[in-house]
Amino acid sequence: MLIKRYFFAVFAALPLFAGLQNLSLSQALEMVKHDNLEVKISHFEEQMKAYEADAAKGMNYGKLDLTINALRSNNALNVFGFKLQSREASFGDFGFSDFLGGIGGMMQQAGGDFGAFSQMMTNPATQAQMLAVEPADLNFPDAANLFQTKVTYKIPLYTGGKLTEYGNITQALYRMSIMDSKKVINAKVFQVKKAFYDISLVDNYIHNLKMIIRNVDTLEQVVSSMRKEGYAQDIDVLEVQARKAEADSLYNQAKLNRELAYQFLSFLLNQDVSSIKSVQEMAVMPEARLFDIYRDNIDIQKAELGLQISQMAVRAEQASYLPTVGGFGEYGSSDNKFLNDFKAKDSYTVGVQVNFNLFNGGIDKANVEKAKVKNLQVQEQVALAKKGIALKVKQLKTEILSLDSDIRSFQTQFNFARKVYASYQARYQEGIASISDVLIKQSKELEVLLQLQTVKNKRNAKVFELNSILNPGDYL
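Cut-offs applied
- Residues numbered from 1 in each chain as written.
- Predicted model: local features only at pLDDT ≥ 70, side-chain atom pairs only at ≥ 80, totals over all residues.
- Heavy atoms only, no water.
- Helix = DSSP H or I, 4+ residues; strand = E, 2+ residues; numbered from the N terminus.
- Buried < 20%, exposed > 50% of the residue type's maximum accessible area, 1.4 Å probe, protein only.
- Contact = heavy atoms within 4.5 Å.
- Areas by Shrake-Rupley, 256 points an atom, 1.4 Å probe, with all protein chains shown as cover.
- Pairing = 2+ DSSP bridges.
- Axes fitted to C-alpha atoms, helices over the stretch in contact; angles between N-to-C directions.
- Parallel < 35°, antiparallel > 145°, perpendicular 65-115°, else oblique.
- Left-handed = near helix turned anticlockwise from the far one by under 90°.
- Core = buried A, V, L, I, M, F, W, Y, C linked by side-chain atoms within 4.5 Å.
- 1 Å grid on protein atoms, 1.4 Å probe; cavity = no way out; pocket = protein on both sides within 12 Å on 5 of 7 lines; lining within 4 Å.
- Points joined across faces, edges and corners; volume = space filled by probe spheres on them.
- Nonpolar A, V, L, I, M, F, W, Y, C, P; charged D, E, K, R; others polar.
- Salt bridge = Lys/Arg side-chain N within 4 Å of Asp/Glu carboxyl O.
- Phe/Tyr/Trp six-rings, centres within 6.5 Å; stacked < 30°, edge-to-face > 60°.

## Here we look at the overall build of the protein chain
Now for step 1: Looking only at helices and strands, one finds 14 helices and four strands in the protein chain.
Now for step 2: Counting only residues that meet the buried cut, the protein chain has 36% of its 476 residues in that class.
Now for step 3: Contacts in the protein chain between residues far apart in sequence, at least 24 positions, make up 84% of those at least 6 positions apart.
Now for step 4: Total accessible area on the protein chain is roughly 28,500 Å²; 57% of this is exposed by carbon and sulfur atoms.

## Some points on the pairing of strand E4 (residues 346-355)
On a regular strand, each side chain points to the face opposite its neighbour's, so the side chains alternate between the two faces of the sheet.
Now for step 1: For E4, the buried fraction is low: one of the ten residues fall into the buried class.
Now for step 2: Judged from the ten bridges that link them, strand E3 (residues 324-335) and E4 form a sheet pairing that is antiparallel. Pairing of Val325 across the sheet is with Val354, part of E4.

## Topic: the sheet that holds E3
Now for step 1: The four strands lie next to each other as E1-E2-E3-E4, forming an open sheet whose pairing is antiparallel. Edge positions in the open sheet fall to strand E1 (63-73) and E4, since each of these has one partner strand only. Averaged over all adjacent pairs, the angle separating strand axes in this sheet is 20°, with direction ignored.
Now for step 2: The sheet contact formed by E1 and strand E2 (residues 144-158) spans eleven bridges and is antiparallel.

## Regarding the packing of helix H2 (residues 25-35) against helix H9 (residues 162-228)
Now for step 1: Between H2 and H9, whose axes approach to 10 Å, the crossing angle comes to 150°. Between H2 and H9, the interaxial angle falls into the category roughly antiparallel. Crossing handedness for the pair H2 and H9: right-handed. Two secondary-structure elements touch here, H2 through Leu25, Ala28, Leu29, Val32 and Lys33 and H9 through Ile185, Lys188, Val189, Val192, Lys193, Phe196 and Tyr197.

## Digging into the environment of Arg459
Now for step 1: Looking at where Arg459 falls in the secondary structure, it is placed in helix H14 (residues 435-470).
Now for step 2: Put simply, Arg459 and Met282 are 177 residues apart on the chain and 8.1 Å apart in space, counted from C-alpha to C-alpha.
Now for step 3: When neighbours within four sequence positions are excluded, Arg459 is seen to be in contact with Met282, Ala283, Val284, Met285, Ile400, Leu403, Asp404 and Ile407.

## Side note on the nonpolar core
Now for step 1: Judged by nonpolar contacts, the single largest core of 41 residues is most densely connected at Leu23, Val192, Phe196, Leu265, Leu269, Ile276 and Val393.
Now for step 2: For this core, the element with the most residues is H9, which contributes eight residues.
Now for step 3: Not counting the four nearest positions on each side in its chain, Val393 is found in contact with Ala288, Ile293, Leu466, Ile469 and Leu470.
Now for step 4: Val202, Val216, Ala232 and Leu250 belong to the second-largest nonpolar core, a separate cluster that totals 35 residues.

## What about empty space enclosed by the protein?
Now for step 1: Within the structure shown, the criterion is met by one cavity of 30 Å³ or more.
Now for step 2: One number sums up the size of the largest cavity: a volume of about 40 Å³.
Now for step 3: Forming the boundary of the largest cavity are Phe147, Thr149, Ser333, Ser334, Asp335, Lys337, Phe338, Leu339, Asn340 and Phe342.
Now for step 4: Contributions of two or more residues to the lining of the largest cavity are made by E2 and E3.
Now for step 5: For the lining of the largest cavity, the leading source of residues is E3, giving three residues.
Now for step 6: Looking at side-chain class alone, the lining of the largest cavity contains four nonpolar, four polar and two charged residues.

## Quick look at the environment of Lys83
Now for step 1: Mapping Lys83 onto the fold places it in helix H4 (residues 76-85).
Now for step 2: The exposure class of Lys83 is partly exposed, given its relative accessible area of 27%.
Now for step 3: For Lys83 and Asn145, which are 62 residues apart along the polypeptide, the C-alpha to C-alpha distance reads 9.2 Å.

## Structural notes on the pattern of salt bridges
Now for step 1: Across all of its chains, the model carries 26 salt bridges by this definition.
Now for step 2: One salt bridge connects Asp65 with Lys63, and the closest N-O pair in it is separated by 3.9 Å.
Now for step 3: The exposure class of Asp65 is partly exposed, given its relative accessible area of 30%.
Now for step 4: Taking relative accessible area as the criterion, Lys63 reaches 53% and is therefore assigned exposed.
Now for step 5: Ionic pairing is found between Arg295 and Asp292, a salt bridge with its closest N-O pair at 3.1 Å. In this pair, Arg295 and Asp292 both sit in helix H11 (residues 290-296), three residues apart, roughly one turn of the helix.
Now for step 6: Using a relative accessible area of 44% as the deciding quantity, one classes Arg295 as partly exposed.
Now for step 7: With relative accessibility at 16%, the residue Asp292 sits in the buried group.

## Some words on the packing of aromatic side chains
Any two aromatic rings considered together are summarised by their centre-to-centre distance and by the angle between their planes.
Now for step 1: For the structure on display, the rule yields five aromatic pairs.
Now for step 2: With a centroid separation of 6.3 Å and an interplanar angle of 65°, the aromatic rings of Phe147 and Phe338 are classed as edge-to-face. Placement of the pair is Phe147 in strand E2 and Phe338 in the loop between E3 and E4, with a sequence separation of 191 residues.
Now for step 3: Among the residues examined, Phe147 registers a relative accessible area of 26% and is labelled partly exposed.
Now for step 4: For Phe338, a relative accessible area of 45% corresponds to the partly exposed category.

Worth remembering: the numbers are spatial, not functional.
What follows is the structure, encoded as structure tokens:
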């Protein structure tokens, strides 16, 4: 009973580990756009560029800060400043107690005689003596606390267009990251389609190899029968068996290649794939019009966007010739206790700052000229991209047409080689041809089949590469 339960649990769990079954190409293309790891990474890059654009835009709205300072000091300057900020300064803080003490002493010496007192106060020696008194309350104050709470707002009022251009540049870089993601998706679509067509081609190749192996098995039976009757030798049987081993080797290699293709497809989709719906062996070559290429090709779009960015960079550098204006506002309150009598002791400061660089050794001019040269360089890069892509499209179309011709030729040769092999097998049975002749023809059939398979793979890869360049959108 325990064993039955064990086997039931094992078989019930098998579907959980099985890969995707009978997957269609359209399903795979949708999956790769969302599940592929490189596509996900590219989308994360998009998000970061979007946040950078938001950060650049946010610089136009200024900066609001809340600052809370908690200070304690017995430094004379700090303590006096604390009391001024708290609006608590008194004459005693200036050392008036020592000054009044000197006045009182002179009044005693004058004995209440105001004339004598006035004469003493106008005496330069007496004045110098009184002014030389060091106020202890001012120079040696007791330690004091300061709790300062303030809100500060700074905003750029005018930057000559520099902030605007920086915002435009970061927004353009975000758009370029979207193009980069599209390019990654195109590359993954290319690889998925190639994997589907490779698997379908190798399935057909395996089918043809099975037919060849069956023919070799039939030939082996014929040779074995003829050897028993004395019409064939042992070496003939060995030759057939050797050729069968060669065909079996190609068959096993083809199965391994198919398994590798499935593993690569699973990697692209980030999910295990066990089987697919086969597609036609030959991918359809798309139309390639020059107008559509210039409009849709991602590399050309990126180059043109790069040209716009270089023009923005020129304007951003030219803004260095213009003044910058910034606004400033601060509101707060200070006291020896936190938030004590906030409104009664509050204060504000507002202001505007204008900064106009008059001379910096020609740095601004050099930067502007550099940006202009960069703009000229990007203009040439756009022209180069257009001509290079157009040339690449022409080369691919020519190569595809040439491979189409090769495929027709190899297909004809394969059909002929198959018929020749059947003819020589019949001749061998009639004693007209040797077993070596038969196996040579069978070897030619294998050779042409492999060549046909290779050319079809190469031709499909060229078609998919052309599709990636054209960027027609969702294509099958």
